[in-house]
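Okay, here's what each chain looks like letter by letter:
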Amino acid sequence: MSKKKYTVGGLFSGVGGLEKAFELADFKISWANEIDKNACKTYKLNHPKHDLFEMNIYDLIDTKPFPLESVDVLVAGFPCQAFSVAGYRKGFEDERGNLFYSIIEVIKNLKQKPEVIILENVKNLFNHDNGNTRKTIHEALNAHNYSVIWNNYNTSDYTKIPQNRERTVIVGFKNEEEKEVFGQGSRTSYYIENNITKFPSEKKLSIRNMLDKRVKEKYLYTKETYFHAELEKYADDMNSVYQWRRKYVRKNKNNEFPTLTANMGTGGHNVPIIKTKKGFRKLTPRECFRLQGQGDIIFPEELSDGALYKQAGNSVTVDLFERIAHLVKKCLSLSV
């Protein structure tokens, strides 16, 4: 007897990290949506069989007839700038924060609501605006009959990848009571919360495992680099990772890379730095994507390194969400 292949739709898809994670867990990607033209180029090159809607999500919602087919799972890494610790924290007063409501509009416009929703955002979302943002999101999802399980997961805790990347993950199941009680045979988002375990520390990759042996000279810092003298003073360990923080060199501890950010595409001081036999260099875009579980990604030839750094920082860690995807599939297969 053939097993049902569950379907996935993606919003704010970027280069397709969430979609790739679910595809690796044997889901079928029905459609995805992204507005950034450069991200769309990378997405299409790597997922040519996916139906990608390259447009503003509000235009997508206003399209008649509504073009998106119903799916079992809706995933969305909705824009996080409005909620970031580094931003102004305006939240729902910021137009980008209001993009959360576009997810609700998509759900309302689908012929059948998804059985499961998976939302990803920055870790600060939990405490943003003294918890009011969390309350608003929780109530909006409850109003459409979704349970809400809200957790922060760190890539370095739940995968073999040594990146200190904490992210909020919101999981909701349709028509599921919010009770912290679950048992064998129950299909509940609490199953996910109670069955995702930390990755064994002895199996984790090291910093050196994530690096290319040979890179182009352009990634090396020269003596003329304005912060090179500071690197010489403080970046003395070839097995550590450093960052130039505008005025000082910061060493990242615990044999991990710092959180990759979209700001890496705006200047070298945001890109992690390592010491090599040839001198100091920043990570390459390929290495950054490897830290997101996408080391095999194909780059469009016409894109600059800045665009690729931005895409890597905006992406999700595929390994983490593949684990979540397997648990979602397990939940979907359980009897109600």
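Residues numbered from 1 in each chain as written. Predicted model: local features only at pLDDT ≥ 70, side-chain atom pairs only at ≥ 80, totals over all residues. Heavy atoms only, no water.

A. Highlighting the sheet that holds strand E3 (residues 52–54). The strand order across the open sheet built from seven strands is E3-E2-E1-E4-E5-E7-E6, with neighbouring strands paired in mixed fashion. Each of the sheet's edge strands pairs with one partner strand only, and the pair in question is E3 and strand E6 (149–154). Each neighbouring strand pair of the sheet contributes to a mean axis angle of 15 degrees, computed without reference to strand direction. With three bridges connecting them, strand E2 (residues 28–34) and E3 associate as parallel partners. Of the residues in E3, the one forming a bridge with asparagine 33 is phenylalanine 53. (Pairing = 2+ DSSP bridges. Helix = DSSP H or I, 4+ residues; strand = E, 2+ residues; numbered from the N terminus. Axes fitted to C-alpha atoms, helices over the stretch in contact; angles between N-to-C directions.)

B. Examining the pairing of strand E8 (residues 241–244) more closely. Burial along E8 is two-sided: Val241 and Gln243 facing one way and Tyr242 and Trp244 facing the other are all buried. Sheet topology places E8 next to strand E9 (residues 249–252); four bridges connect them, and they run antiparallel. Its bridge partner lying in E9, tryptophan 244 is registered against valine 249. In this antiparallel pair of consecutive strands, E8 and E9, the connection spans four residues, and arginine 246 shows a positive phi of 70 degrees. (Buried < 20%, exposed > 50% of the residue type's maximum accessible area, 1.4 Å probe, protein only.)

C. Representation of the confidence of the model for the chain. For the chain, per-residue confidence averages 89 on the pLDDT scale, and residues scoring 70 or more make up 89% of the total. Overall, residues 84–89 carries pLDDT values under 50, and its contacts beyond four positions in sequence, including any with other chains, amount to eight contacts. The low-confidence segment residues 181–185 (pLDDT under 50) makes six contacts with residues lying over four places distant or belonging to another chain. (pLDDT = per-residue confidence, 0-100. Contact = heavy atoms within 4.5 Å.)

D. The pattern of salt bridges, seen in detail. The final tally for this structure, using the stated rule, is 17 salt bridges. The partner of arginine 167 in a salt bridge is glutamate 120, with the nearest N and O atoms 3.4 Å apart. Residue arginine 167 is located in strand E7 (residues 166–173), and its partner glutamate 120 is located in strand E5 (residues 116–122); the two are separated by 47 residues in the primary sequence. Here arginine 167 matches glutamate 120 in class, with each residue buried. Ionic pairing is found between glutamate 232 and lysine 223, a salt bridge with its closest N-O pair at 2.8 Å. (Salt bridge = Lys/Arg side-chain N within 4 Å of Asp/Glu carboxyl O.)

E. Examining the environment of methionine 264 more closely. Within the secondary structure, methionine 264 is located in the loop between E9 and strand E10 (273–276). Each residue touching methionine 264, except ones within four places of it in the same chain, is listed here: Asn270, Val271, Pro272, Cys288, Tyr309, Ala312 and Gly313.

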